[in-house]
Amino acid sequence: MVARPPHVGLFVTCLIDLFRPSVGFAAVKLLEWSGCEVDAPAAQTCCGQPAYNSGDRADTRAIARQVIELFAPYDYVVVPSGSCAGMLHKHYPSLFAAGTAERQAAEALAEKSWELVSFLTHVMGVEAVPSAFEGRVTYHDSCSGLRELGIHREPRQLLQTVRGLELVEMRDSEVCCGFGGTFCVKYPDISNDMVEKKAANIEATRADLLLAGDLGCLMNMAGKLKRRGAPIAVRHVAEVLAQELSAPAIGEKPSSAKEPAT
Amino acid sequence: MQPTSHAFKDNAARALHDEKLQRALLNVPTGFVQKRARARDRLPEFDALREEGVAIKKHALAHLDLYLEAYERKVHESGGHVHWAPTAEDARRIIIDLCKDRGARLVTKGKSMVSEEIGLNDALQAAGITPVETDLGEYIIQLRGETPSHIIAPAVHLTRDQVEADFRRVHTTLPPDRMISEAPELVAEARAMLRQKYFEADIGITGANFLVAETGSSVIVTNEGNGDLTQSLPKVHIVVTSIEKIVPTLEDVSTILRLLARSATGQEFSSYTTFSTGPRRAEDPDGPEEYHVVLLDNGRSALLGTVFEDMLRCIRCGACLNHCPVYQAVGGHAYGWVYSGPMGAVLTPSLVGVEEAGPLPNASTFCGRCEEVCPMRIPLPKMMRHWREREYERHLTPLSYRKGLNLWAWAATRPNIYRRLASVAARALRLLAGRRGGFRRLPLASGWTRYRDFPAPEGKTFHELWKERRRHG
Ligand code: SF4
């Protein structure tokens, strides 16, 4: 471990910035608990995935350059999203030619970029959180976090330490929810078929709350559960780990901000 | 086969509304996926074996010309013939000439995706030659006048009831009270019908899972034994296959075979694995008098040295199809050509052009499950992304989409402007949502709201709140 508190640059994903700032604040709380000094540089926008996955390399590169420069001063870059963390960690270096200074800078950023929960467990050595939540919870493994970064055990391990929380596994927790960024608008029918299957598996657990580590997937599943009339709240895993439950669950009315007593 | 991949979206919509198809597709995750998982768990060295398999294929592709030449020499030495077919058209012509020169009227066929790729059955029929498929799945779809919907399970899109109905319709000798609802009964019924054909056939045509450079052998794996009868009973055996099936040695084949069966059907090994080396020799009890190999290129050598080279490692196990949630949702026919699922999404644009097959590499969430299970560790999502890049470069991506993307990227590289836009958007959406938690209908996101609510934002952006908090905190 580093002697002084690690200086963490929080990468606030564009979806969190726009739709659900509470996830960002939950992340800050968790990072501060674990002993980090956190900053969220204002000049950040997005990691560039929409351009990257649409085949637009030039724009992706321009965005990546900006992110690389902006986060260069930090010890770590922490992202409360598996897919954006995967973008920084796995894909940025591939945007630049081997042997160039840009590639080196991208690799340096990649090395210190982490998804939030795996950063807490692997780098900060967090084994438990001092939080409480009363209820049955199920966890969806978002694809990029699971397959690009190998995150599976970490969120479960920390959730087990939340007082009152009962973790139930859904069937096929590791199968895609059908979000896929632009996929859900390019192929709405197929995306719907996938999220219908996912919702059925979630409902079958009879959980009170669905968690995952990626806001895109969460909005997709929350929107579907709502449309099906399922009484299951949906939140980002960081909110429960940090006990930051003041915002209504995703897609819930602002007035229904009340949460089960903790 | 005429591709309809450009119509993927319509094909998919139809597939999603086809109740029988949807019922049939439920077997994919429960059958293949679970069986593979168990087979994999039973073999601790599975991943090590995978690395070996990948290395073998990489090596073979790096020296493809040398191994193909060595293979051709060996085939000649064993008394067989190799015919090079640069295009599908060439392959069809070579095969039809072989058939015509021998006065063939009836050919039996083992399952071969390459023969589907070149549209062989139609061409044979047009030349007055009757092809009879002998693999159960292929036999069924031939009865129905359909194309395969899966590279190892051609009739996976059908329910047992449908197959039973087809058999009762076509097999007029089938007693109405005989049960044929289970797979083994269906196999037996097809076998009984096919028995005579094996003897009557003038020529047997099979594919090849592997070609062995060291010995000049072709290798097929089946679970029904139909391939053996197809290639050993008629006087002439024609193997129609493609150049990337080559591996250097017999040892290599045995390594990859262990991966193939486990990845495909969750078996330790396929029921039948048959090596054919040349025509029958004087001391052989059976076998064909002539042995021909038609080696198809059809765009494959053009992939060497490109970002798509890795795709040539594919051993057609079908694991990526089985595990793909998009394939599971729409089935193989929606992809509009011979190869479907993730491997088809990469291979189809390579072979028929990205202009035709553009929708396929776009029909993926990049969930990565295909790459995770691929025994050959082919980075399928990465290659689909490469296709999207080619499309983008060639301006095949829809203009409105490109414009939107460029505009967004323009803002994303101007943080001050982006910040302001984000604040306005968050507030506007919050206002529009009113007291509701989300939208049941949102004009610009109708693809989303047709099926699910669109969660409303909290109202202020993270960065606004962060700034406020630091000012007050
Ligand atoms: S791409 Fe991989 S998983 Fe798919 S068929 Fe080929 S070898 Fe099997």
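Residues numbered from 1 in each chain as written. Chains lettered and ligands numbered in written order. Predicted model: local features only at pLDDT ≥ 70, side-chain atom pairs only at ≥ 80, totals over all residues. Heavy atoms only, no water.

J.: Tell me what's going on with the nonpolar core, and back it up with residues and numbers.
T.: Grouped together as the largest cluster of nonpolar side chains are 112 residues, with contacts concentrated most on I190(A), F8(B), Y71(B), V330(B) and Y339(B). Ranked by residues supplied to this core, first place goes to helix α6 (residues 88-101) of chain B with seven residues. If we ignore the near neighbours within four places in the chain, the residues touching I190(A) are F183(A), F8(B), A12(B), L16(B), V326(B), A329(B) and V330(B). Residues V8(A), A199(A), I232(A) and L245(A) belong to the second largest nonpolar core, which totals 70 residues. (Core = buried A, V, L, I, M, F, W, Y, C linked by side-chain atoms within 4.5 Å. Buried < 20%, exposed > 50% of the residue type's maximum accessible area, 1.4 Å probe, protein only. Helix = DSSP H or I, 4+ residues; strand = E, 2+ residues; numbered from the N terminus. Contact = heavy atoms within 4.5 Å.)

J.: Can you tell me about the pattern of salt bridges, naming the residues and giving the values?
T.: Residues and elements named next belong to chain B. Summed over all chains, the structure comprises 48 salt bridges over all chains. The residue D166 makes a salt bridge to R169 at a minimum N-O spacing of 2.9 Å. One end of the pair is D166 and the other is R169, both in helix α10 (residues 160-170) and three residues apart, which spans about a single turn. (Salt bridge = Lys/Arg side-chain N within 4 Å of Asp/Glu carboxyl O.)

J.: So what about unusual backbone geometry? Which residues, and what values?
T.: Residues and elements named next belong to chain A. Although it is not a glycine, R206 adopts a positive phi angle of roughly 55 degrees. As for its placement among the helices and strands, R206 is situated in the loop between α11 (188-204) and β7 (209-212). A positive phi is found at Q243, a non-glycine position, where the angle reads about 55 degrees. Looking at the secondary structure, you find Q243 in the segment after α13 (237-241). For Q243, a relative accessible area of 28% gives the class partly exposed.

J.: Kindly report on a nonpolar patch on the surface, identifying the contributing residues and their values.
T.: Residues and elements named next belong to chain B. On the surface, F199, L229 and L233 cluster together into a nonpolar patch covering about 270 Å² of accessible area. Its location among the elements puts F199 in helix α11 (residues 183-200). On the accessibility criterion, F199 (56% relative accessible area) is exposed. (Patch = residues over 30% accessible without salt bridge, like charges linked within 9 Å, V, L, I, M, F, W, Y side chains within 5 Å. Areas by Shrake-Rupley, 256 points an atom, 1.4 Å probe, with all protein chains shown as cover.)

J.: Go over the packing of aromatic side chains with me, naming the residues and quoting the values.
T.: The final tally for this structure, using the stated rule, is 18 aromatic pairs over all chains. Between W448(B) and F454(B) the ring centres are 5.5 Å apart and the planes differ by 80 degrees, which places this aromatic pair in the edge-to-face class. Just as W448(B) is buried, F454(B) falls in that class too. One aromatic cluster in this structure is built from F19(A), F179(A), F439(B), W448(B) and F454(B). Lying over the aromatic face of Y187(A), K9(B) brings its terminal NZ or CZ to 5.8 Å of the ring centre. One cation-aromatic arrangement involves R402(B) over Y392(B); the distance from NZ or CZ to the ring centre is 4.0 Å. (Phe/Tyr/Trp six-rings, centres within 6.5 Å; stacked < 30°, edge-to-face > 60°. Lys NZ or Arg CZ within 6 Å of the ring centre and 35° of its normal.)

J.: Mind laying out the site of the ligand, listing which residues take part and the relevant values?
T.: The environment of the ligand is formed by 13 residues, the closest being C314(B), C317(B), G318(B), C320(B) and C374(B). Class assignment for the residues of the shell around the ligand results in 11 nonpolar, one polar and one charged. (Near = heavy atom within 4 Å. Nonpolar A, V, L, I, M, F, W, Y, C, P; charged D, E, K, R; others polar.)

J.: Summarise the confidence of the model for chain A; cite the residues concerned and give the values.
T.: Within chain A, residue pLDDT values average 95, and 96% of them lie at 70 or more. Here residues 256-262 of chain A scores under 50 on pLDDT; set against residues more than four positions off or in separate chains, the count is 14 contacts. (pLDDT = per-residue confidence, 0-100.)

J.: Can you tell me about the side chain of K186(A), naming the residues and giving the values?
T.: Its place among the elements puts K186(A) in helix α10 (residues 183-186). The side chain of K186(A) is buried and forms no salt bridge, while E391(B), the nearest opposite charge, is found at 6.9 Å. Not counting chain neighbours up to four residues away, the residues in contact with K186(A) comprise K9(B), N362(B), R388(B) and Y401(B). (Lys, Arg positive; Asp, Glu negative; His and termini not counted.)

J.: Help me get a handle on the interface of chain A and chain B, residues and values and all.
T.: If you look at the interface, chain A gives 72 residues, while chain B gives 69 residues. Carbon and sulfur atoms make up 60% of the area that chain A and chain B hide from each other, which totals about 6000 Å². Salt-bridge contacts for R227(A) lead to D453(B); the nearest nitrogen and oxygen are separated by 2.8 Å. Linking chain A with chain B are 34 residue pairs in polar contact (both at pLDDT 80 or more). With nine residues, the top contributor of residues to the side of chain A that touches chain B is α11(A). Of the residues belonging to the side of chain A that touches chain B, the class tally is 34 nonpolar, 19 polar and 19 charged. (Buried area = accessible area lost by both parts, 1.4 Å probe. Polar contact = N/O pair within 3.5 Å; in protein donor to acceptor, adjacent residues only side chain to side chain.)

J.: Tell me about α6(B), and name the residues and values.
T.: Residue and element names in this part refer to chain B. When the terminal C-alpha atoms of α6 are compared, their 20 Å separation across 14 residues agrees well with the 20 Å that a helix rising 1.5 Å per residue should span. Where α6 is buried, its residues touch β1 (81-85), β2 (106-109), α8 (120-126), β4 (203-206), β7 (236-242) and β10 (290-296). Note on α6: the residue one or two positions beyond its end, G103, has a positive phi of about 65 degrees. (Expected span 1.5 Å × (residues − 1).)

J.: Account for the side chain of R385(B), naming residues and giving values.
T.: Looking at the element boundaries, R385(B) is found in helix α20 (residues 380-393). Salt bridges are absent for the buried R385(B), whose nearest opposite-charge side chain, E148(A), sits at 5.1 Å.

J.: Residues and numbers for the pairing of strand β8 (residues 233-236) of chain A, please.
T.: Residues and elements named next belong to chain A. In the sheet, β7 pairs with β8 via four bridges, with the strands oriented parallel. Each bridged residue has a counterpart across the sheet, and for L209 the counterpart in β8 is A233. Once you follow β7 into helix α12 (residues 215-227) and on to β8, the crossover reads as right-handed. (Pairing = 2+ DSSP bridges. Right-handed = clockwise from strand over helix to strand, strands pointing away.)

J.: Just give me the short version of the packing of helix α4 (residues 57-71) of chain A against helix α6 (residues 101-111) of chain A, but keep the residues and values in it.
T.: Residues and elements named next belong to chain A. The geometry of α4 relative to α6 is characterised by a closest axis approach of 10 Å and an angle of 60 degrees between their N-to-C directions. As summarised for this structure, α4 and α6 are arranged oblique, according to the angle between their axes. At the point where α4 passes α6, the crossing takes the left-handed sense. Along the contact surface, α4 presents R65, V67, I68 and F71, while α6 presents E102, A105, A106 and L109. (Axes fitted to C-alpha atoms, helices over the stretch in contact; angles between N-to-C directions. Parallel < 35°, antiparallel > 145°, perpendicular 65-115°, else oblique. Left-handed = near helix turned anticlockwise from the far one by under 90°.)

J.: Give a description of the sheet that holds strand β6 (residues 217-222) of chain B that names residues and reports values.
T.: Spatially, four strands are ordered β8-β5-β6-β9 (chain B) in an open sheet, and the strand pairing comes out mixed. With one partner strand each, in any of the chains shown, β8 (246-247) and β9 (272-276) of chain B form the two edges of the open sheet.

J.: Tell me about empty space enclosed by the protein, and name the residues and values.
T.: Residues and elements named next belong to chain B. Applying the stated criterion across every chain yields a total of five cavities of 30 Å³ or more. Considered as a void within the structure, the largest cavity measures approximately 110 Å³ in volume. The wall of the largest cavity is formed by 16 residues, among which C324, P342, A363, S364 and M384 lie closest to the centre. Breaking the lining of the largest cavity down by element, the ones donating at least two residues are α15 (325-330), α16 (341-352) and α19 (369-373). Ranked by residues supplied to the lining of the largest cavity, first place goes to α16 with three residues. Residue classes in the lining of the largest cavity are distributed as 11 nonpolar, four polar and one charged. The volume enclosed by the second largest cavity comes to roughly 100 Å³. In terms of residue class, the lining of the second largest cavity is made up of five nonpolar, five polar and three charged. (1 Å grid on protein atoms, 1.4 Å probe; cavity = no way out; pocket = protein on both sides within 12 Å on 5 of 7 lines; lining within 4 Å. Points joined across faces, edges and corners; volume = space filled by probe spheres on them.)

J.: A description of α4(A) should follow, citing residues and the corresponding values.
T.: All names here are of chain A. Along its 15 residues, α4 runs 21 Å from first to last C-alpha, staying within 8% of the 21 Å computed at 1.5 Å per residue. Buried within α4 are the following residues: D59, T60, I63, A64, Q66, V67, I68 and F71. A distance of 3.1 Å separates the backbone nitrogen of D59 from a side-chain oxygen at the start of α4, and that oxygen is part of D56.

J.: Explain the pairing of β2(B) to me, using residue names and the numbers behind them.
T.: Residues and elements named next belong to chain B. Neither face of β2 is open: one carries L106 and T108, the other V107 and K109, and all of them are buried. Inspection of the sheet shows β2 paired to strand β3 (residues 130-133) by four bridges, in the parallel sense. Paired with V107 across the two strands is P131, which belongs to β3. Strand direction decides the pairing type here: β2 and β4, joined by three bridges, are parallel. Its bridge partner being in β4, T108 is matched across the sheet by G204.

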